[in-house]
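Residues per chain, in single letters:
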Amino acid sequence: MKLTTWNVNSIRQRLERVLTWMGRHEPDVLCLQETKVTDEDFPRAPFEERGYRVETFGQKTYNGVALIAKAPLLDVVRGLEDDTPDAPRRCIAATVEGLRVVNVYVPNGESVESEKFAFKLEWLARLERTLAAALCADRPLVLLGDFNIAPEDRDVHDPEGWRGQVLFHPLEHAALARIQARGLADLYRLHHAEAGRYTWWDYRMLAFPRNLGLRIDLILGTAGAASRCTASEIDRDERKGVKPSDHVPVTVELA
DNA sequence: ATGGTTGCACAGCAA
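Residues numbered from 1 in each chain as written. Chains lettered and ligands numbered in written order. Predicted model: local features only at pLDDT ≥ 70, side-chain atom pairs only at ≥ 80, totals over all residues. Heavy atoms only, no water.

A. Molecular detail of the sheet that holds strand 6 (residues 91-96). The sheet built from six strands is open, its strands ordered 5-6-7-8-12-9 with mixed pairing. Where the open sheet ends on each side, the last strands, each with one partner, are strand 5 (74-78) and strand 9 (185-186). Here strand 8 (residues 141-146) pairs with strand 12 (residues 217-221) via five bridges, running antiparallel. Counterpart to G145 in the pairing with strand 12 is L218. Lying over the sheet, helix 3 (residues 115-134) contacts strand 6, strand 7 (99-105) and strand 8, oriented at roughly 155° with respect to strand 8. (Pairing = 2+ DSSP bridges. Helix = DSSP H or I, 4+ residues; strand = E, 2+ residues; numbered from the N terminus. Contact = heavy atoms within 4.5 Å. Axes fitted to C-alpha atoms, helices over the stretch in contact; angles between N-to-C directions.)

In structure tokens, the structure reads:
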């Protein structure tokens, strides 16, 4: 079973690129973030025509997540525990072939001084509670998406420059550690230990050609998922060419 | 050097 996470930065701008990529890679489950479209306006048909099912949780202009899968998406849950009705739409979960898939778009946080940073930390605490409720011993689970957190020095092009800033802050690392302490391993790191493997590069400052990136798109898995994980890849080439997203797809293969 | 680019939507915000 092949699972991919991809922050597409508008599904309407990225549709052709996503469909081309899917034709080449044929993921069983594709988890999208920053779709930036309401459920009503999500371009479902091209995916359905290719044999996929589509579940979305989106809004106008900002945020938005989607699950796209070949097999049925069961027990779909939209939003986070204790989300208010007007909360940003950043989480969608479903069960696919016995695997619980939790797809998240973690708030960016803007800057450490910002109210948005406090919101990010509060959101991560509620994600931990949502996760705790979703975990059960006999069901493997993956928590994947755009975490807007680079876990370690080897995930950052300039760790000393980034340390203490948003996306690489001790309070974010503590929140991520609490989530991972629930028994979740970083599935990319099961197969790749080297530094310099990034999933996001700023559009500005020629960040991609200079490889000034961060690894902030993660796939975490319970022991039951990790033991089945035979491969993981970052598709760096998707940052190239005409109209790329600023993030690239990350894929794991589960036996 | 407080820059730079993209998306949404049509001014300025979010990333």
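B. Region of the structure containing the protein's contact with DNA strand B. Close contacts around DNA strand B come from 16 residues, with S10, Q13, T61, K116 and R204 the closest. Near-protein atoms of DNA strand B (within 4 Å) split between backbone and bases, with sugar and phosphate holding 67%. In this structure, a phosphate oxygen belonging to DNA strand B sits 3.0 Å away from a side-chain N or O atom of Q13. When grouped by side-chain class, the residues that make up the surface near DNA strand B number four nonpolar, five polar and seven charged. (Near = heavy atom within 4 Å. Polar contact = N/O pair within 3.5 Å; in protein donor to acceptor, adjacent residues only side chain to side chain. Nonpolar A, V, L, I, M, F, W, Y, C, P; charged D, E, K, R; others polar.)

C. Representation of the packing of aromatic side chains. Taken as a whole and assessed by the stated rule, the structure comprises three aromatic pairs. Ring centres 4.9 Å apart and planes at 85° place the aromatic pair W201 and F208 in the edge-to-face group. (Phe/Tyr/Trp six-rings, centres within 6.5 Å; stacked < 30°, edge-to-face > 60°.)

D. Unusual backbone geometry, seen in detail. Despite not being glycine, E110 shows a phi value in the positive range, around 60°. Tracing the sequence through the fold places E110 in the loop between strand 7 and helix 3.

E. A look at the environment of V156. Inspection of the secondary structure assignment puts V156 in the loop between strand 8 and helix 4 (159-162). Taking the relative accessible area as the measure of exposure, V156 reaches 4% and is therefore buried. As a C-alpha pair, V156 and E172 span 16 residues in sequence and 14 Å in three-dimensional space. (Buried < 20%, exposed > 50% of the residue type's maximum accessible area, 1.4 Å probe, protein only.)

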